[in-house]
Amino acid sequence: MWRANSREVTALWYPLSAGRSSVPDELEREIAADSGGDLVPPSGRLLVARYEGEPAGTAGVRLMDGATAELKRVFVHRGMRGRGGAPLLVAAAEEAARTLGARRIVLDTRHDLVEARALYARLGYLETPPHNDRAYAERWFAKQLS
């Protein structure tokens, strides 16, 4: 799932931003740069969604501080989209953030990930000023957790 997510977002970014397709070395560099090591206990969680027993998607959270978690790596495999899995994954990630003690959750995304931005807006995330300066972050969102 991690590789599929990286492959998809890289394949979208390079033609739009670099005017060419990505090459395998670039994909491997992107995967190595974000290993997911911050999505493990005690301060993070990586969730894997399954559909009929098969991995279908991922979502991760990590604590940024005692009250704020970051939502990362929300991904639903292309063949599983349109079945309501993404909202379920985000809800499960929000619950994981609450169990970590977070009262607020933030995320960043790119301009071209229109479907993701629409999902976050539907789920109550509000666009905010930047909370980081990551290379691929172009839009930032936050939501209070009740």
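Everything quoted here is computed from the prediction, not taken from an experiment.

A closer look at the sheet that holds strand β3 (residues 68–76)
Consideration 1: If you trace the six strands from one edge of the open sheet to the other, you get β1-β2-β3-β4-β6-β5, paired in mixed fashion. Both outer strands of the open sheet, β1 (44–51) and β5 (126–128), are each paired with one neighbouring strand and no more. Adjacent strand axes in the sheet meet at a mean angle of 30 degrees when their direction is disregarded.
Consideration 2: The sheet contact formed by strand β4 (residues 104–109) and strand β6 (residues 139–144) spans six bridges and is antiparallel. For Ile105, the partnering residue across the bridge sits in β6 and is Lys143.
Consideration 3: Where helix α3 (residues 85–99) meets the sheet, it contacts β1, β2 (54–63), β3, β4 and β6, and its direction lies at approximately 155 degrees from that of β3.

A look at the confidence of the model for the chain
Consideration 1: Scored by pLDDT, the chain has a mean of 88; 92% of the residues are at 70 or more.
Consideration 2: Taken element by element, the predicted model of the chain shows its lowest mean pLDDT in helix α1 (residues 2–18) (66) and its highest in β6 (98).

Rules behind the numbers
- Residues numbered from 1 in each chain as written.
- Predicted model: local features only at pLDDT ≥ 70, side-chain atom pairs only at ≥ 80, totals over all residues.
- Heavy atoms only, no water.
- Pairing = 2+ DSSP bridges.
- Helix = DSSP H or I, 4+ residues; strand = E, 2+ residues; numbered from the N terminus.
- Axes fitted to C-alpha atoms, helices over the stretch in contact; angles between N-to-C directions.
- Contact = heavy atoms within 4.5 Å.
- pLDDT = per-residue confidence, 0-100.

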